[in-house]
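Here are the chains, one letter per residue:
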Number of protein chains: 2
Amino acid sequence: MNFLMTRIFAEAGVSEEGLEKIASIIRTRSLEQGEYLFRQGDTAPNLYLIRNGLAKMSYITSDGKEFVKSFLPEGSFAGSLIAQMENCETTFSIVCLEPVEVEIVPFRAVQKLFERDPAALDFGFRFFQALALKKEKREYSFLCLAPEERYQWFLKENPTLADRVTKADIARYLGITPVALSRIRRRMKEPVNSMT
Amino acid sequence: MNFLMTRIFAEAGVSEEGLEKIASIIRTRSLEQGEYLFRQGDTAPNLYLIRNGLAKMSYITSDGKEFVKSFLPEGSFAGSLIAQMENCETTFSIVCLEPVEVEIVPFRAVQKLFERDPAALDFGFRFFQALALKKEKREYSFLCLAPEERYQWFLKENPTLADRVTKADIARYLGITPVALSRIRRRMKEPVNSMT
DNA sequence: CATGGTGATTAACCCAAGTTAATTCCATCC
DNA sequence: GGATGGAATTAACTTGGGTTAATCACCATG
């Protein structure tokens, strides 16, 4: 079986034995659109790698509102940091927006790989460094940008995603309601009206 | 000289030679309240460790508005991820809210330590993992919480900070104006008015 | 005691997002 | 072709933050 995860680890310089060990543990799953990889509150101590398709991570608040934490196109690693580090239930769900093929490995196995293989640890280091930078940029967009600017930023950063997901999911990703996003889009279409 | 940074690295299991190497490079600075460690747009390819005092990282937008990215009490590591990873200018400033003593090391020196000492790399791995988790929680607060809830969350997570910084800086940390925070505080004080 | 100066609050007004509900648009399916 | 259902938009109204400016409280300083 040709796993995407082992290919990525191999490119990172992980040793043959490390690769074989991981390859022997990887499970794969195929999911339909609408199916859940896991649900908020589940224990999901796994690292996921999306091979194909598109999914979203989202929070559901106590009063039933949904907010999209992140979109997961093919090639995305996913998993619950909290579940991994603090050993508790996941605080969000992952649901498929398109049919998905995913590779699944328990966190424990990855951790062991990190402990034994310096190249793997270096990969993990760079992975989390990049993740922190990504989250920092999203923090910036929430902290400093108005909803309309945030939408334009999203379009610029995710040109391909924009037409694979619904407007409603984009709104929930931006932290606003679908109605508000629709109004923003109308404002953006309107002629600038510099004079009449 | 007894550095805080070498103490932390020593606890992480970094080798003697690594510690000595770093100790030989550390510079220290003392800053008054109001002084800048660096300004938005500077090149600041350094890792900072706040020994004493309190500082804040903040973005200034093109129209002059300030937003507080993070508060830095004693023991905080700080630096610009973007400056480090993408080798460009900093996108925010660090200014002291109290007199500050800080230890300064070039990123290059830390990177070399990571390359040569597995214990150091492991420390870096865990550092960025924890940073990513922290940013994820802040992302959650912006995405899912209303300003008032965000303020209550801040008070709960930072009980000691709340009375070391001004209300205006708390507001700018929450992404709202000082006026809005003042209104929120009044609402929170108001009797619940369950009956008249 | 008067004088600044700063931080915090308040007031008044405007505007954008939330809410609820209706409507339009399209793709699909029988 | 008509019915169904989801996505997107629109409308009408409410609510809460932004803006500007005034006021208040407190403290340091002359």
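Per-chain numbering applies: the sequence of each chain, read as written, is numbered from 1 onward. Labels are handed out in written order, letters beginning with A for the chains and numbers beginning with 1 for the ligands. Residue-level local features of this predicted model are given only where pLDDT is at least 70; pairs of side-chain atoms are given and counted only at 80 or more, and the full residue set underlies all totals for whole chains, interfaces and linings. Hydrogens and water molecules were not included; the side-chain quantities draw on all heavy atoms of the structure.

*Asks:* Give me the lowdown on the packing of aromatic side chains, citing residues and values where you can.
*Replies:* Side-chain rings of Phe, Tyr and Trp (the six-membered ring for Trp) are treated as a pair once their centres are within 6.5 Å; stacked means planes under 30 degrees apart, edge-to-face means over 60, and tilted covers the remaining angles. A full pass over the atoms with the stated rule returns 29 aromatic pairs over all chains. Both rings, one in F38 of chain A and one in Y48 of chain A, keep their centres 5.7 Å apart while their planes meet at 40°; by these two values the pair is tilted. With F38 of chain A in strand β2 (residues 36-38) and Y48 of chain A in strand β3 (residues 46-52), this residue pair connects regions lying 10 residues apart in the sequence. In terms of burial, F38 of chain A and Y48 of chain A fall into one category: buried. Residues F127 of chain A and F128 of chain A carry aromatic rings whose centres are separated by 5.3 Å and whose planes lie at 80° to one another, so their mutual orientation is edge-to-face. With relative accessibility at 6%, the residue F128 of chain A sits in the buried group. Put simply, the rings of F9, F77, F114, F123, F127 and F128 of chain A together with F125 of chain B touch in pairs and so form one group of aromatic residues. To sit over a ring, a charge needs its Lys NZ or Arg CZ within 6 Å of the ring centre and within 35 degrees of the ring normal. Across from the ring centre of F92 of chain A, 5.3 Å away, lies the NZ or CZ of K69 of chain A, which sits over that ring. Numbering of helices and strands runs from the N terminus; a helix is a DSSP stretch of H or I covering at least four residues, while a strand is a stretch of E covering at least two. Burial status follows relative accessibility: with a 1.4 Å probe on protein chains alone, a residue under 20% of its type maximum counts as buried, one over 50% as exposed, and anything between as partly exposed.

*Asks:* Describe in detail the sheet that holds strand β6 (residues 77-78) of chain A, supporting the description with residues and values.
*Replies:* Residues and elements named next belong to chain A. Strand pairing is assigned whenever DSSP identifies at least 2 bridges connecting the two strands. Pairing is antiparallel across the open sheet formed by four strands, whose spatial order is β1-β8-β3-β6. Because the sheet does not close on itself, it has two edges, and the strands there are β1 (27-31) and β6. Two elements, β3 and β6, share two bridges in a ladder whose sense is antiparallel. Following the sheet pairing, L49 is matched in β6 by F77. Most of the contacts of helix α4 (residues 107-116) go to strand β8 (residues 100-106), to which it runs at about 60°, and overall it touches β3 and β8. Here a residue-residue contact requires only that any non-hydrogen atoms of the pair lie within 4.5 Å. For helices, the fitted axis covers only the stretch in contact; all axes are lines through C-alpha atoms, and the angles between them, taken along N-to-C directions, range from 0 to 180 degrees.

*Asks:* An account of the interface of chain B and chain A is requested, with residue identities and associated values reported.
*Replies:* Taken together, the contact pairs 35 residues of chain B with 35 residues of chain A. Buried area between chain B and chain A, summed over both chains or domains, comes out near 3200 Å², and the portion from carbon and sulfur atoms is 72%. Once two parts are joined, some of their accessible surface, as seen by a 1.4 Å probe, is lost; buried area is that loss totalled over both. Area buried by chain B at its contact with chain A is led by F125, E139 and L143 of chain B, which between them contribute 22% of it. For this analysis, a salt bridge means a side-chain nitrogen from Lys or Arg found within 4 Å of a carboxyl oxygen belonging to Asp or Glu. The interface formed by chain B and chain A contains 10 salt bridges. Throughout this description, a polar contact denotes any pair of N or O atoms lying within 3.5 Å of each other; where both atoms belong to protein, one of them has to be capable of donating a hydrogen while the other can accept it, and for residues adjacent in sequence the pair is counted only when both atoms sit in side chains. On inspection of chain B and its partner chain A, the count reaches eight residue pairs in polar contact (both at pLDDT 80 or more). Elements represented by at least two residues in the side of chain B that touches chain A include exactly β5 (66-73), α3 (81-85), α5 (118-144) and α7 (167-174) of chain B. Residue classes follow a fixed rule: Ala, Val, Leu, Ile, Met, Phe, Trp, Tyr, Cys and Pro count as nonpolar, while Asp, Glu, Lys and Arg count as charged, and any other residue, Gly among them, counts as polar. Across the side of chain B that touches chain A, the residue classes tally to 21 nonpolar, five polar and nine charged.

*Asks:* Help me get a handle on the protein's contact with DNA strand C, residues and values and all.
*Replies:* Taken together, the neighbourhood of DNA strand C is formed by 17 residues, with T177, A180, R183 and R187 of chain A together with K167 of chain B sitting nearest. Residues are classed as near a molecule or strand on a simple rule: at least one heavy atom within 4 Å of it. Taking all atoms of DNA strand C within 4 Å of the protein, the share assigned to sugar and phosphate is 58%. Here a base nitrogen of DNA strand C and a side-chain polar atom of R183 of chain A are 2.7 Å apart. Among the secondary structure elements, those contributing two or more residues to the surface near DNA strand C are α8 (178-189) of chain A together with α7 and α8 (178-189) of chain B. The biggest single contributor to the surface near DNA strand C is α8 of chain B, with five residues. Within the surface near DNA strand C, the residues separate by chemical class into six nonpolar, four polar and seven charged.

*Asks:* Explain the pattern of salt bridges to me, and be specific about the residues and the numbers.
*Replies:* Inspection of the entire model under this criterion finds 32 salt bridges over all chains. Of the charged contacts, one joins D63 of chain A and K65 of chain A as a salt bridge, the two residues approaching to 3.5 Å between their closest N and O atoms. Classification of K65 of chain A by relative accessible area gives partly exposed; the value is 48%. Within the structure, one salt-bridge network assembled from shared partners comprises K69, K135 and R138 of chain A together with E136 and E139 of chain B.

In short, geometric facts, not functional conclusions.
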